[in-house]
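A closer look at the structure
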Amino acid sequence: MGRRNSYRTSRPRRGRREVDVNLEDGPQERRNLIKYGGPWAVTLGGSFVVEGLHLVAATNPVTSSITTLALAATGYGLTQFMQKLDVRAKADRDTRILHAVNCGAVTAGVTLGTVIGVDTAATAGSWLLAGTGMSIANNLWSAFGKAKEGKGTSKWSKLESQIGLAQHELKEAESNGRGTVTAKVEAKDGATADELARKIPALASALKVGAGRITHTVNDDDVSDITVRVQVADLLKEGVRWPGPSAFGSSFGDTPVPLGRYEDGEDLLLNLCGVLRDPKGLETGNVEHAVAQGVNGAGKTAGNAVLVAEASTRSEVSIVLLDCAKPDQDYGHIRHAADMWITEERDVKRFFKQMGPVIKARAAYLAAKGLARWEPGCGLNFLLIICEEAADYADGDAYAKVLRTIRAAGGWVETSIQRATHDQMDTTARSNHPAGMAYGLADGAEAAYVLPPEAIEAGAFPGWGNRKPGYLYAAGMGIPQERWAVTARTYFADRDTLAAAVTAGMNVRTPLDSVTADALGPLWTNRTSFTTPLLASSGAAPVAPPAPPQAEVPAAAEETGGRDDLDEEMADEDEEDVEVDEEMLAKETEEMLEMLQDLLNEDPEPGAYEGLTIEKEIEPPADGAPTFSLPSPVEEDQQLSPDDCRAAILGRLHEWFAAGKASFEPKELSGLWLRVALKEPRSWWNRLRSELLGTGVIEDSETYGEYDIVRDPLAEGS
């Protein structure tokens with residue numbers, strides 16, 4: 001039976017001492033003797049060997065020269081061989097230097113001693129003095145330097161044996177002084193980064209760090225070259241206050257937008273417009289729309305508020321805020337940052353439909369300037385579109401089309417949603433968001449809906465729910481790939497600070513360009529705009545928020561009372577309580593049935609049809625008898641020619657579009673198309689309707705039986 005290296009009796013018998021037995025004592029003593037006595041043996045015993053070589057070689061000049069060259073070559077070869085051994089043994093830099101110095105000193109001493117000998121007092125004294133210094137230096141290194149090396153090596157060796165990291169060699173590690181340790185790991189003998197990733201939970205447990213604190217990235221050119229990043233401390237617990245506008249008054253295309261800070265102390269920067277004059281280390285290229293996903297309370301809205309406030313202090317950018325859930329509560333304090341503030345679902349859907357002509361007009365403008373995409377100074381404002389609580393409207397062809405086409409025309413869309421699953425947003429639309437911001441999730445695996453596979457494979461797992469507001473992983477938007485799995489946290493700022501920054505930014509912001517404003521049409525002219533924030537009065541008791549200042553109401557809307565007034569009246573009628581007397585209702589129903597029965601009992605067809613039965617045939621009318629014909633819908637003097645009727649219908653659509661009417665039913669135009677002087681007015685109307693659909697003047701609405709008015713049919717180019 002094999003013996004253990006050491007043991008301790010766990011329950012000693014009475015009268016006997018507990019005994020420690022260590023079978024390594026003998027070999028350890030021998031190793032120490034060699035380690036500490038070896039340098040002195042070389043110093044003392046080497047002198048005799050060198051003197052013997054000198055006596056042999058000194059008898060013949062040729063022999064002396066050859067011996068000297070051979071010793072020098074041998075020393076050089078030994079030095080190179082030792083360096084290769086150090087590399088394979090993963091020796092640290094100090095150890096490699098020590099070995100190189102030892103080999104060089106021994107080679108020089110042996111070579112010089114062979115040439116001049118050590119038989120004089122001067123040469124013997126020089127040999128002993130140099131050898132004593134080298135021996136003492138080696139002894140000190142063995143006592144102190146090796147102890148430190150052995151501690152680190154044993155730690156990694158322990159991990160190798162415990163969790164199976166023998167094929168992943170630790171090459172070098174360094175700390176940034178802010179709680180982050182980065183280590184280079186080499187995968188050997190066919191080992192892969194995936195195998196290392198599967199062992200990260202065990203590695204985190206062995207190193208006593210939290211889940212998600214260990215991530216890894218792989219060199220694209222060498223998959224065996226792996227970088228492991230360990231965050232040993234959370235420096236974001238206290239949060240980081242928003243430092244204020246980073247580039248007040250500059251163009252939106254000058255520098256990145258700072259959103260927060262990474263856990264290693266670096267700033268979280270976003271390149272939203274793709275092209276930046278000073279990218280500050282971010283990648284440049286395409287605009288990448290983003291999905292911001294996180295549970296309720298994860299901090300998405302607070303992060304968006306910082307983003308909007310930062311953008312509102314720059315030029316060449318226009319902000320569109322879409323929020324149908326609780327706009328005043330979410331963004332009331334920065335509502336004056338929005339060039340367009342849309343809070344009704346029907347208006348949001350109309351906005352996405354109208355963005356088709358807007359994108360077309362902006363693209364034509366950029367093409368005329370010879371530009372393939374938006375650039376700072378091109379004359380158009382970059383469009384920053386924030387879609388809050390997008391589950392209410394993140395569907396439909398118009399929404400998906402905007403995501404596909406607005407990129408080159410100068411626009412970025414952020415879709416904020418709690419769960420980016422197929423039942424909350426269209427999967428095709430989700431795929432058109434190349435970037436993602438994963439805030440806290442109930443199930444960290446759901447981050448795969450918004451983060452690229454590379455971030456998930458590197459260890460991104462935001463499974464903290466709403467326990468860490470503002471924490472997130474961000475990928476895309478120009479962020480280098482090695483930062484995709486690094487935890488960050490958005491800046492925090494009180495509502496008054498953000499409101500003040502937006503108010504100051506109103507002096508430097510660029511008004512929306514005429515190309516975009518004209519293409520938006522009534523959506524722009526009838527928009528709701530603000531010049532002040534919505535904030536509670538300081539020191540006052542909580543009161544209902546004041547009514548937001550509304551945009552001027554068009555004259556057409558004032559005359560008709562407006563669509564909102566009509567909706568209000570209908571709502572009031574629907575909500576009115578009507579008491580029903582069941583007994584009276586039954587009595588009236590009985591009387592009605594009796595009256596109908598009396599009518600049926602009377603002869604309904606007197607005269608020629610009196611006594612008519614099913615068996616009796618009806619005689620055909622005599623020749624020349626008058627025939628009955630249905631009257632025309634309108635009198636002949638009121639009929640219109642097809643051209644005049646078409647002009648009247650287009651004029652009516654023009655009036656509706658200018659007044660801000662979003663949709664209509666065909667029966668609203670029946671008073672016109674029934675007047676066309678043709679036998680089949682309905683067929684004529686169907687052809688005209690198909691033409692309007694084909695030219696994009698109207699579109700099928702999501703409400704059955706309605707059509708949306710997309711653009712003015714009398715506008716130039718329609």
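Residues numbered from 1 in each chain as written. Predicted model: local features only at pLDDT ≥ 70, side-chain atom pairs only at ≥ 80, totals over all residues. Heavy atoms only, no water.

Looking now at the sheet that holds strand β5 (residues 214-219). Read from one edge to the other, the open sheet built from four strands follows the order β3-β4-β6-β5, with strand pairing classed as antiparallel. Strand pairing shows two members of the sheet lacking a second neighbour, β3 (168-175) and β5, which therefore form its edges. Each adjacent strand pair in this sheet contributes to an overall mean axis angle of 25°, direction not counted. As paired elements, strand β4 (residues 180-187) and strand β6 (residues 222-231) share seven bridges and run antiparallel to each other. Note that in β6 the partner of Val 181 across the bridge is Val 230. Contacting β5 and β6, helix α6 (residues 200-207) crosses the sheet at an angle of about 130° to β5. (Pairing = 2+ DSSP bridges. Helix = DSSP H or I, 4+ residues; strand = E, 2+ residues; numbered from the N terminus. Axes fitted to C-alpha atoms, helices over the stretch in contact; angles between N-to-C directions. Contact = heavy atoms within 4.5 Å.)

Our next topic: the packing of aromatic side chains. Any two aromatic rings considered together are summarised by their centre-to-centre distance and by the angle between their planes. With the rule as written, the count across this model stands at eleven aromatic pairs. Taking the centre distance of 5.4 Å and the plane angle of 85° together, the rings of Trp 341 and Phe 530 count as edge-to-face. Here Trp 341 is found in strand β11 (residues 340-342), whereas its partner Phe 530 is found in the loop between α15 (522-525) and α16 (555-560), with 189 residues between them in sequence. Ring plane angle 10° and centroid distance 6.2 Å describe the contact between Trp 673 and Trp 685, whose orientation is recorded as stacked. With a gap of twelve residues between them, Trp 673 in helix α20 (residues 670-673) and Trp 685 in helix α21 (residues 681-694) connect regions that are remote in the sequence. An aromatic cluster of three or more residues is present, and its members are Phe 351, Phe 352, Tyr 393 and Tyr 399. Just above the ring of Tyr 471 sits the side chain of Lys 468; from NZ or CZ to the centre is 5.2 Å. (Phe/Tyr/Trp six-rings, centres within 6.5 Å; stacked < 30°, edge-to-face > 60°. Lys NZ or Arg CZ within 6 Å of the ring centre and 35° of its normal.)

With 18 residues, helix α19 (residues 642-659) extends 26 Å between its outermost C-alpha atoms, agreeing within 8% with the 26 Å of an ideal straight helix rising 1.5 Å per residue. Listed as buried for α19 are Cys 645, Ile 649, Leu 650, Gly 651, Leu 653, Trp 656 and Phe 657. Once α19 ends, the next one or two residues include Gly 660, with phi positive near 90°. (Expected span 1.5 Å × (residues − 1). Buried < 20%, exposed > 50% of the residue type's maximum accessible area, 1.4 Å probe, protein only.)

Here we come to the packing of α19 against α21. Viewed as axis vectors pointing N to C, α19 and α21 meet at an angle of 50°, and their least axial separation amounts to 12 Å. When the axis of α19 is compared with that of α21, the two are oblique. Seen from above, α19 lies across α21 with right-handed handedness. Here Pro 642, Cys 645, Arg 646, Ile 649, Leu 650 and Leu 653 of α19 come into contact with α21, specifically with Trp 684, Trp 685, Leu 688, Glu 691 and Leu 692. (Parallel < 35°, antiparallel > 145°, perpendicular 65-115°, else oblique. Left-handed = near helix turned anticlockwise from the far one by under 90°.)

A word on the environment of Leu 129. Secondary-structure assignment places Leu 129 in helix α4 (residues 121-163). On the basis of relative accessible area, Leu 129 is assigned to the exposed category, the value being 66%.

To continue, consider the pattern of salt bridges. Under the counting rule described, the total for this entry stands at 19 salt bridges. Here Arg 314 and Glu 310 are joined by a salt bridge, their closest N and O atoms 3.2 Å apart. Each member of the pair Arg 314 and Glu 310 is classed as buried. Residues Asp 708 and Lys 353 are paired through a salt bridge, measuring 3.6 Å at the closest nitrogen-oxygen approach. On the criterion of sequence distance, the pair formed by Asp 708 in strand β19 (residues 707-709) and Lys 353 in helix α9 (residues 345-368) is long-range, its members being 355 residues apart. Like Asp 708, the residue Lys 353 is buried in the burial classification. A single salt-bridge network, built from bridges that share partners, covers Arg 229, Glu 263, Asp 264 and Arg 483. (Salt bridge = Lys/Arg side-chain N within 4 Å of Asp/Glu carboxyl O.)

Looking now at the sheet that holds strand β12 (residues 382-388). Reading across the sheet, the ten strands line up as β8-β7-β16-β15-β14-β9-β13-β12-β10-β11 and stay open at both edges, with mixed pairing between neighbours. Whereas interior strands pair on both sides, the edge strands pair on one side only; in this sheet they are β8 (267-270) and β11. The mean angle between the axes of side-by-side strands here comes to 25°, regardless of whether they run parallel or antiparallel. Across three bridges, strand β14 (residues 435-438) lies against strand β15 (residues 471-475) in antiparallel orientation. Bridging across to β15, Ala 438 finds its partner in Tyr 473.

Checked against the element boundaries, Leu 678 lands in the loop between α20 and α21. A relative accessible area of 37% places Leu 678 in the partly exposed class. Each residue touching Leu 678, except ones within four places of it in the same chain, is listed here: Pro 642 and Trp 684.

Here we take up the packing of α9 against helix α10 (residues 397-405). Relative orientation and spacing of two packed helices are given, respectively, by the angle between their axes and the distance between those axes. Two elements in contact, α9 and α10, have axes separated by 8 Å at closest approach and are oriented at 30°. With respect to each other, α9 and α10 are oriented roughly parallel. In this structure, the crossing between α9 and α10 has a hand that is left-handed. Residues Phe 352, Lys 353, Met 355 and Ile 359 of α9 lie in contact with α10, whose contacting residues are Ala 398, Tyr 399, Val 402 and Thr 405. Looking at the contact of α9 with α10 residue by residue, the class counts come to six nonpolar, one polar and one charged. (Nonpolar A, V, L, I, M, F, W, Y, C, P; charged D, E, K, R; others polar.)

We now examine the pairing of strand β10 (residues 317-323). Among the seven residues of β10, seven are classified as buried, and the element is accordingly described as predominantly covered. In β10, alternate side chains face the same way, and those of Val 317, Ile 319, Leu 321 and Asp 323 on one face and Ser 318, Val 320 and Leu 322 on the other are all buried. Here β10 runs beside β12; their pairing, made up of seven bridges, is parallel. Paired with Ile 319 across the bridge in β12 is Leu 384. Where β10 lies against β11, three bridges are found, and the strand directions are parallel.

A surface patch of nonpolar side chains, amounting to about 260 Å² of accessible area, comprises Trp 40, Ile 136 and Leu 140. Its location among the elements puts Ile 136 in helix α4. In this structure Ile 136 comes out as partly exposed when scored by relative accessible area, which is 40%. (Patch = residues over 30% accessible without salt bridge, like charges linked within 9 Å, V, L, I, M, F, W, Y side chains within 5 Å. Areas by Shrake-Rupley, 256 points an atom, 1.4 Å probe, with all protein chains shown as cover.)

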